[in-house]
Amino acid sequence: ITAQGLGLMVDGDTTLQHTNNDVDDVSAFNGGITLFTDTYGLTVSSVSVDGMTVSGITTSNDNTKLSVGADLAINEAIALGTGSLFLDVRGNVTQTEAITAQGLGLMVDGDTTLQHAYNDVDDLAAFIAGETLFTDRDGLIVSSVTVDGMTVSGITTSDANSKLIVGADLAINAAIDVGTGILFLDVNGNVTQSAAITAYGLGLMVDGTTTLQDP
């Protein structure tokens, strides 16, 4: 598919994973799993044709995976309910609208800047080459996320800094390894761990109790 915009209203599953797909703007209101690949940059936006408009990406509690060959900009909301979102991106990831999902898995070659105050995911996992900045409005678990056969566990960067801003409790249930990078945790609840942290520096701003005693 080659087009300026691609708008989807699909009651079943959507599997559009041809490596030469090339659209600039994508939006979807889907009843099933949504898998989309784009060879260059992509914007989650609004698409209108013949008086019908779709904005952002919404599913009926179904998983979504976006595989993007350059930068990804989330300029309209992604709302998956109890579904999980997996972003496999060869460039940078930015947002101006929120993500709501059970899990968020990130494989990003550039920087990831997802700092919208209304992001709401339960499980976060990331394998990222660049800086990782993520904000969640309530509790968060560093865990594992699997979509379409791809799995990410914990948070790993290529010696790049990572900052998590969390509105309630943070549980580190899978390893965080930022190498010679710095990990900064700004948490409005308690912090616990059952997996190790590896970093050059660790900065903590925690309103509750901090228990980082993984053996």
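Before reading on, note that the structure itself is shown above.
First, a word on scope: everything that follows refers to the structure included in this document. What you see is a predicted model; the values in this text were computed from it and never measured.

On to the pairing of strand β4 (residues 34–38), then. Burial of β4 is extensive: five of the five residues sit out of reach of the surface. By the alternation rule, side chains of β4 split into T34, F36 and D38 and L35 and T37, which are all buried. Across three bridges, the pairing between strand β2 (residues 14–16) and β4 is parallel. Bridge pairing in β4 places T15 opposite L35. As judged from the five bridges shared by β4 and strand β9 (residues 64–68), these two strands associate in the parallel manner. Its bridge partner being in β9, D38 is matched across the sheet by V68.

Below, the discussion takes up the environment of A79. Here A79 lies in strand β11 (residues 78–79). Relative accessible area serves as the criterion here: at 28%, A79 is assigned to the partly exposed category. When the C-alpha atoms of A79 and I99 are compared, they prove to be 6.0 Å apart, with 20 residues separating the residues in sequence. Setting aside anything within four residues of it in sequence, one finds A79 in contact with I57, T58, T59 and T100.

Right, let's get into the pairing of strand β19 (residues 144–147). Of the two faces of β19, the one holding V145 and V147 is buried and the one holding S144 and T146 is not buried anywhere. One ladder, built from four bridges, connects β19 with strand β20 (residues 150–153); its direction is antiparallel. If you follow T146 over to β20, its bridge partner there is T151. Adjacent in sequence and paired antiparallel, β19 and β20 are bridged by two residues, among which D148 carries a positive phi angle near 55°.

Judged by nonpolar contacts, the single largest core of 43 residues is most densely connected at L72, L87, L104, L106, L164 and L170. The next biggest cluster of nonpolar side chains, apart from the first, holds five residues, and it includes F86, A125, V147 and V152.

Moving on: the side chain of N119. With respect to the helices and strands, N119 occurs in the loop between β15 (112–114) and β16 (120–128). Classification of N119 as buried rests on a relative accessible area of 0%. A polar atom in the side chain of N119 sits 3.4 Å from the backbone oxygen of L114. Residues contacting N119, with those up to four places away along its chain left out, are Q95, A98, I99, L114, F134, T135, D136 and R137.

Our focus in this paragraph is the environment of A174. Its place among the elements puts A174 in the loop between β23 (170–172) and β24 (176–177). Exposure remark for A174: the relative accessible area of 12% places this residue in the buried category. Spatially, the C-alpha atom of A174 lies 9.6 Å from that of L124, the residues being 50 residues apart in sequence.

This part takes up the pattern of salt bridges. Enumeration over the complete set of coordinates arrives at two salt bridges. Salt-bridge contacts for K65 lead to D148; the nearest nitrogen and oxygen are separated by 2.8 Å. Of this pair, K65 sits in strand β9 while D148 sits in the loop between β19 and β20, and the two are 83 residues apart along the sequence. With a shortest N-O distance of 2.7 Å, D88 and R90 are connected by a salt bridge. Among the residues examined, D88 registers a relative accessible area of 10% and is labelled buried. Classification of R90 as partly exposed rests on a relative accessible area of 46%.

On the surface, a cluster of nonpolar side chains totalling about 350 Å² of accessible area is made up of M9, F29 and M52. Note that F29 resides in strand β3 (residues 22–30).

The next thing to look at is unusual backbone geometry. Although it is not a glycine, N61 adopts a positive phi angle of roughly 60°. Its location among the elements puts N61 in the loop between β8 (57–59) and β9. One non-glycine residue, D148, lies in positive phi territory at about 55°.

About the criteria used
Residues numbered from 1 in each chain as written. Predicted model: local features only at pLDDT ≥ 70, side-chain atom pairs only at ≥ 80, totals over all residues. Heavy atoms only, no water. Buried < 20%, exposed > 50% of the residue type's maximum accessible area, 1.4 Å probe, protein only. Helix = DSSP H or I, 4+ residues; strand = E, 2+ residues; numbered from the N terminus. Pairing = 2+ DSSP bridges. Contact = heavy atoms within 4.5 Å. Core = buried A, V, L, I, M, F, W, Y, C linked by side-chain atoms within 4.5 Å. Polar contact = N/O pair within 3.5 Å; in protein donor to acceptor, adjacent residues only side chain to side chain. Salt bridge = Lys/Arg side-chain N within 4 Å of Asp/Glu carboxyl O. Patch = residues over 30% accessible without salt bridge, like charges linked within 9 Å, V, L, I, M, F, W, Y side chains within 5 Å. Areas by Shrake-Rupley, 256 points an atom, 1.4 Å probe, with all protein chains shown as cover.

Shape descriptors only; they carry no functional weight alone.
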